[in-house]
Amino acid sequence: MRTRNSDFRVGLKGLLATLAVCMSMVSFQATAAPAGESSIRNNSDLTTDAPAEPMKKMVDTDVTFDRDFVEQPPLIPHDIRGYQVDKNVNKCLTCHSWKNAKKWKATRISITHFKDRDGNQLADVAPNRYFCLQCHVPQADTKPLIENKFKPVESLK
Amino acid sequence: MAKEFFVKRYWKMLKRPVSVAFGLILLFGFGAGIIFWGGLHTGLEMTNTEEFCIGCHEMRDNVYEEYKTTVHYSNASGVRAECSDCHVPQEWGPKMVRKIQASKELWGKIAGTIDTREKFLDHRLEMASREWARMKENDSQECRNCHNFEFMDYSMQSNRAMDIHYQAQKNGDTCIDCHKGIAHELPDMSGVADWEG
């Protein structure tokens, strides 16, 4: 009993010491900003909380976005606040399913959404396409954090 | 002079013992009426507050938690729609009917029909359907106490809303036809007649 207990204590001490060393290294790295490099976190170090940016407004123009490459999931041009998508309901499909799209003047989901991962054509939305927001995202009107030089191919311009 | 005569006559009448008793009864009845009515009113008002509605954990842990994330809890205008704004009619008749129904629902509380999240979810469709039916019946009166097609500036709305509201107004559709789940999460909607899932 005794030896085991002290073994444990020694082990714990060692562990704590290692931890302390690790922590000091982490904090050292965090505070020392690389010379001349500015980060997208506004140069704030990890030990202090950066002031929160104001919440961004969602783009709700209802004007569909251009696509930049053929396989791109189109961006969502409308507000989706409170839209429930879970095992009970899929709010998106109340407008985007083939049955309903016309009434709501919404784009129908394309036939790719009916294909499962093995390429079988299903009668309804495939399970791997059910959670729309995995691929489709709304946009906020913000300045890009990093410049992006991507250009669509000529045929998509 | 006729006026004085009128007053005098009543005074004489009241001086007779029988009439005094009668008058007293009337007066007492009147007073009691005010107190009772006031009490009833205060009581009804009290049961309309948010604190009362979420006084039990069934409401606090389920519908209230969900509602807190929605537009009717907090929005740009700073106008909050409370539980009673959507669930209790403002007119006297329908209000009484709803309150009496609500006392029946209290049995559910006592019997523990929805005292866990699981049980609550099992009963959600049934409870929601009752509210949909009620709102369909009264042309979404509670929504229209605050919102009105007539007062909507369609040009300020999103295109999607503008188009569809214009159509809805023409077709006589009511708010709850399209705005189910406006304040709470929806149950499994397969099988709900006018849900286009």
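Residues numbered from 1 in each chain as written. Chains lettered and ligands numbered in written order. Predicted model: local features only at pLDDT ≥ 70, side-chain atom pairs only at ≥ 80, totals over all residues. Heavy atoms only, no water.

### Examining the overall build of chain B
For clarity, the threshold we go by: Every helix listed is a DSSP run of H or I at least four residues long, and every strand listed is a run of E at least two residues long, numbered separately from the N terminus. C-alpha atoms define the radius of gyration, and 2.2 Å times the number of residues to the power 0.38 defines the globule rule. Here a residue-residue contact requires only that any non-hydrogen atoms of the pair lie within 4.5 Å. Methods summary: accessible areas were calculated by the Shrake-Rupley approach with a probe of 1.4 Å, and residue burial reflects only the protein chains presented. Only four residue types enter the charge count, namely Lys and Arg as positive and Asp and Glu as negative; His and the chain termini do not. Charged groups are reduced to one reference atom each: NZ for lysine, CZ for arginine, CG for aspartic acid, CD for glutamic acid.
Check the secondary structure of chain B and you find 10 helices and 0 strands. Element order for chain B, N to C, with α for helix and β for strand: α-α-α-α-α-α-α-α-α-α. A globule of 197 residues ought to have a C-alpha radius of gyration of about 16 Å, yet chain B, at 25 Å, is considerably larger. Projected onto the principal axes, the alpha-carbon positions of chain B cover approximately 75 × 45 × 30 Å. Pairs at least 24 residues apart make up 61% of the contacts formed inside chain B by residues separated by at least 6 positions. On chain B, roughly 13,700 Å² of surface is accessible, and the fraction owed to carbon and sulfur atoms is 65%. Placing the 24 positive and 29 negative side-chain charges of chain B at their respective mean positions leaves the two points 14 Å apart.

### Description of the interface of chain B and chain A
The condition is simple: Buried area is a sum: the accessible area each of two parts loses on coming together, probed at 1.4 Å, counted once for each and added. Salt bridges are defined as contacts in which a side-chain nitrogen from Lys or Arg sits within 4 Å of a carboxyl oxygen from Asp or Glu. Two N or O atoms count as a polar contact when they lie within 3.5 Å, although within protein this holds only if one can serve as hydrogen donor and the other as acceptor, and sequence-adjacent residues are included solely when both atoms are side-chain atoms. The nonpolar class holds Ala, Val, Leu, Ile, Met, Phe, Trp, Tyr, Cys and Pro. Asp, Glu, Lys and Arg form the charged class, and all remaining residues, Gly among them, are polar.
Contact residues are listed per partner, giving 15 residues for chain B and 18 residues for chain A. In this assembly, chain B packs against chain A so that about 1,500 Å² is buried in total across both faces, 46% of it on carbon and sulfur atoms. In this assembly, chain B and chain A are joined by 2 salt bridges. Of the charged contacts, one joins Asp 62 of chain A and Arg 160 of chain B as a salt bridge, the two residues approaching to 3.7 Å between their closest N and O atoms. For the pair chain B and chain A, the interface holds 7 residue pairs in polar contact (both at pLDDT 80 or more). Taken together, the residues that form the side of chain B that touches chain A break down as 7 nonpolar, 3 polar and 5 charged.

### Thoughts on the side chain of Glu 50 of chain B
Structurally, Glu 50 of chain B can be placed in helix H3 (residues 50-53). Ignoring sequence-local partners within four residues, the contact set of Glu 50 of chain B consists of Tyr 64, Tyr 67, Arg 80, Glu 82 and Cys 83 of chain B.

### Re the pattern of salt bridges
Residues and elements named next belong to chain B. For the structure on display, the rule yields 14 salt bridges over all chains. Residues Glu 66 and Arg 117 are paired through a salt bridge, measuring 3.2 Å at the closest nitrogen-oxygen approach. Residue Glu 66 is found in helix H4 (residues 57-67), and its partner Arg 117 is found in helix H7 (residues 117-137); the two are separated by 51 residues along the sequence. Ionic contacts of the salt-bridge type, sharing partners, join the residues Glu 66, Arg 117, Arg 124 and Glu 185 into one network.

### Here's the deal with the domain arrangement of chain B
By convention, interface size is frequently given as the accessible area that disappears when the constituent parts associate. All names here are of chain B. For clarity, the threshold we go by: Residue ranges assigned to each domain were obtained from an automatic or database domain assignment.
Domain boundaries assigned for chain B yield domain 1 (18-47) and domain 2 (56-70 + 81-183). Computed over C-alpha atoms, the centres of domain 1 and domain 2 are 35 Å apart. On the side of domain 2, 4 residues touch domain 1, which itself brings 5 residues to the contact. A buried area of about 350 Å², summed over both sides, lies between domain 1 and domain 2, and 67% of it is on carbon and sulfur atoms. By the criterion of area lost to domain 2, the three top residues of domain 1 are Trp 37, Leu 44 and Thr 47, representing 82% of everything that side buries. On the surface where domain 1 and domain 2 come into contact, there are 0 salt bridges.

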